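# Fold and contact review
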Amino acid sequence: MIPTSDDGKRAYDLDRAYVFHSWSAQAALDPMVIAGGSGTRVWDHDGNEFLDFSSQLVNVNIGHQHPAVRDAIKAQADVLTTVAPAHANLARGEAARRILDRAGAGFSKVFFTNGGADANENAIRMARLYTGRDKVLSMYRSYHGNTGAAVVATGDWRRVPNEYARGHVHFFGPFSYRSEFWSSSPAEESERALHHLRRVIQSEGAASIAAILIETIPGTAGVLVPPPGYLAGVRALADEFGIVLIFDEVMAGFGRTGDWFAFQSLAEDGATVVPDLITFAKGVNSGYVPVGGVIISPAIAAAFDETVFPGGLTYSGHPLAMASIVGALDAMETEGIVANAKRVGADVIGPGLRALQAKHPSIIGEVRGLGVFWALDLVADPETREPVAPSVIGALKKALLSLGLLPFFADNRLHVVPPCVVTDEEVARALDLYDQAFSSL
Ligand SMILES: Cc1ncc(COP(=O)(O)O)c(C=O)c1O
């Protein structure tokens, strides 16, 4: 989409001339220029406005330009824009306390990083030092970030050209719609996936395994909500074999599922499965300033009371990021933003997407998700569940953009991931635009 206004053209030309983009062959890129945003909307320099149902990279949970977060960053900038991690700083302590309040029982400290990948990097390091073991088990259907160990812990295609770190083993998690285990019910899928994980642990040698690292709800892999009993079963295996359990909540955390954390949304019969470490980034401050971190259990934190933790970052606990966390978490609480995500998911998005599937059953194979975290699995044939061709995804994307909706696609899936502040009216409008786009195929 080549802009027409002077500013739009200039933004586009500068980008094409000088900016090197992620995960792409550079020559054919045609980036959309975004000039500004507010709430669930973004716009370009040419006067075109879009409903942002991507939340960018599924991180703008509080919506664009929330005044509480913007003002918190401005106020901190007037006081102290940077400080070394070794010093204490009020904004950092306030941010850590708020994160721990929301994580609940089982956690006592926060280590701040620059984003999600280095959160996983440091969680893996903690698990290895804590257990004295080195292997990390993670799922094939996963993304954990783009740094040394995090990208090798990743299961998807992005691991393969980056596979230099050692000690990583992958396994299949549960996914009833495309079961690796020939299961015929979620209960069977859960049981068989747990049996498979037990066999992987035994075959690798339990005494060599430091951590099981899983996305509580694998996100980019397709919003794969685990079946009942699965997380509890993984927790039991980790306990049985003395393995540290890490939940990667980088995408699923801080409101996306309608609770502060996805593991809280997945509590069964009032029982919450609590990991030893939680990694976070994205929604904690909606990405207004880059930040991430590791939420640490008392036992693992205590292991470094007398022993040096051999890790650190110049910008760990950066004050602008810390102020933005305080601003974001306070506003999310006082404005009921997490509760809104839960309600809108259960009452509007879920029923709306299922109605859309009923209208377009030949292409929408499955609707899954919760809160503001949904995926439509798009198929060429609902019987065989063969994924739609990339050309269909291309056509849908083009149609949605021309209708004024910024979508999020991953492989053969349309992810429906608006900010947590999305209104019922905005969801209704998005559902209408999705319907028009599917009808145009
Ligand atoms: C589950 C998960 N973990 C880790 C990451 C990496 O985070 P970052 O890009 O901030 O390094 C992502 C990014 O999409 C993610 O979705």
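Keep in mind it's a predicted model, so treat the numbers as computed, not measured. (Residues numbered from 1 in each chain as written. Predicted model: local features only at pLDDT ≥ 70, side-chain atom pairs only at ≥ 80, totals over all residues. Heavy atoms only, no water.)

Another point: the overall build of the protein chain. If you tally the helices and strands in the protein chain, you get 14 helices and 16 strands. The C-alpha atoms of the protein chain give 22 Å as radius of gyration, which agrees with the globular expectation for 441 residues (22 Å, within 12%). When its C-alpha atoms are laid out on the principal axes, the protein chain stretches across 60 × 60 × 45 Å. In the protein chain, the proportion of contacts linking residues at least 24 apart, taken out of those at least 6 apart, comes to 71%. When the accessible surface of the protein chain is summed, it comes to about 18,500 Å², and 55% of that surface belongs to carbon and sulfur atoms. Across the protein chain, 36 positive and 49 negative side-chain charges occur, with their mean positions spaced 3 Å apart. (Helix = DSSP H or I, 4+ residues; strand = E, 2+ residues; numbered from the N terminus. Rg over C-alpha atoms; globule rule 2.2 N^0.38 Å. Contact = heavy atoms within 4.5 Å. Areas by Shrake-Rupley, 256 points an atom, 1.4 Å probe, with all protein chains shown as cover. Lys, Arg positive; Asp, Glu negative; His and termini not counted. Charge placed at Lys NZ, Arg CZ, Asp CG, Glu CD.)

Here the focus is the pattern of salt bridges. In a structure, side chains of opposite charge can pair up when their charged atoms sit close to one another. Tallying each qualifying case throughout the model produces 23 salt bridges. Salt-bridge contacts for R97 lead to D101; the nearest nitrogen and oxygen are separated by 3.4 Å. Within this pair, R97 and its partner D101 are both found in helix α4 (residues 90–103), separated by four residues, close to a single helical turn. Judged by its relative accessible area of 44%, R97 is partly exposed. (Salt bridge = Lys/Arg side-chain N within 4 Å of Asp/Glu carboxyl O. Buried < 20%, exposed > 50% of the residue type's maximum accessible area, 1.4 Å probe, protein only.)

Next up on the list: the nonpolar core. Within the largest apolar cluster, 103 residues are counted, with the highest numbers of intra-cluster contacts made by I99, F112, I201, I212, L378, Y434 and F438. A per-element tally of this core places helix α11 (residues 319–334) first, with nine residues. Of the residues that make up this core, three or more belong to each of domain 1 (34–65 + 336–440) and domain 2 (67–334). Setting aside chain neighbours within four positions, we find L378 in contact with I363, I364, E386, P387, V388, I393, L396, N412, L414 and F438. Formed by 21 residues, the second largest nonpolar core is a distinct cluster that contains F111, M126, A153 and A210. (Core = buried A, V, L, I, M, F, W, Y, C linked by side-chain atoms within 4.5 Å. Domains from an automatic or database assignment.)

Within the structure, the ligand sits among G115, G116, A117, N120, Y143, H144, G145, E215, D248, V250, M251 and K282. Residue A117 places a main-chain N or O atom 2.8 Å away from an oxygen atom belonging to the ligand. A distance of 2.9 Å separates an oxygen atom of the ligand from a polar atom in the side chain of K282. For the ligand, the accessible surface in isolation is 390 Å², of which the surrounding protein chains cover 80%. Residue contributions to the shell around the ligand peak at three residues, all from helix α5 (residues 116–131). Split by residue class, the shell around the ligand holds four nonpolar, five polar and three charged. (Near = heavy atom within 4 Å. Polar contact = N/O pair within 3.5 Å; in protein donor to acceptor, adjacent residues only side chain to side chain. Nonpolar A, V, L, I, M, F, W, Y, C, P; charged D, E, K, R; others polar.)

Turning next to the pairing of strand β11 (residues 364–370). Among the seven residues in β11, five count as buried, and that is most of the element. From the end of β11 to the start of strand β12 (residues 373–381), which pair antiparallel, there are two residues, and G371 there has a positive phi angle of about 55°. (Pairing = 2+ DSSP bridges.)

With that out of the way, let us pick up the packing of aromatic side chains. Considering all chains together, one arrives at 12 aromatic pairs under this definition. Considering the side-chain rings of F53 and Y434, the 6.4 Å spacing of their centres and the 75° angle between planes classify their relative orientation as edge-to-face. With a gap of 381 residues between them, F53 in the loop between β3 (49–52) and α2 (55–58) and Y434 in helix α14 (residues 424–439) connect regions that are remote in the sequence. Where F247 meets F263, the ring centres are 6.2 Å apart and the plane angle is 50°; that geometry is what we call tilted. Of this pair, F247 sits in strand β8 (residues 244–248) while F263 is found in helix α9 (residues 262–265), placing the two residues 16 residues apart along the sequence. Here F247 and F263 have matching classes, each one buried. Put simply, the rings of F112, F247, F254, W260, F261, F263 and F280 touch in pairs and so form one group of aromatic residues. The ring of W23 carries R158 above its face, with NZ or CZ at 5.3 Å from the centroid. (Phe/Tyr/Trp six-rings, centres within 6.5 Å; stacked < 30°, edge-to-face > 60°. Lys NZ or Arg CZ within 6 Å of the ring centre and 35° of its normal.)

It is worth spelling out the domain arrangement of the protein chain at this point. Each domain of the protein chain was delimited in the assignment, giving domain 1 (34–65 + 336–440) and domain 2 (67–334). Each side of the interface is counted separately: domain 1 has 37 residues, and domain 2 has 36 residues. The contact between domain 1 and domain 2 buries some 2,900 Å² in all, and 56% of this surface belongs to carbon and sulfur atoms. Where domain 1 touches domain 2, the interface holds two salt bridges. K342 serves as the salt-bridge partner of D259, at 2.8 Å between the closest nitrogen and oxygen. Counting residues per element, the ones that place at least two in the side of domain 1 that touches domain 2 are α2, α12 (337–359), β11, β12 and β16 (413–416). Of the residues belonging to the side of domain 1 that touches domain 2, the class tally is 19 nonpolar, 12 polar and six charged. (Buried area = accessible area lost by both parts, 1.4 Å probe.)

One open sheet holds the seven strands; their spatial order is β4-β10-β9-β8-β7-β5-β6, and the pairing between them is mixed. Looking at which strands have only one partner, the edges of the open sheet turn out to be β4 (109–113) and β6 (168–171). Pairs of neighbouring strands in the sheet enclose a mean axial angle of 20°, with direction left out of account. Pairing of β4 with strand β10 (residues 292–296), which is carried by five bridges, proceeds in the antiparallel orientation. Along β10, the bridge assignment pairs K109 with I296. Contacts between α4 and the sheet are confined to β4, β9 (277–280) and β10, with β4 contributing the most and set at about 120° to the helix. Where helix α7 (residues 186–204) meets the sheet, its contacts fall on β5 (135–139), β6 and β7 (209–215), and the angle it forms with β6 comes to roughly 155°. (Axes fitted to C-alpha atoms, helices over the stretch in contact; angles between N-to-C directions.)

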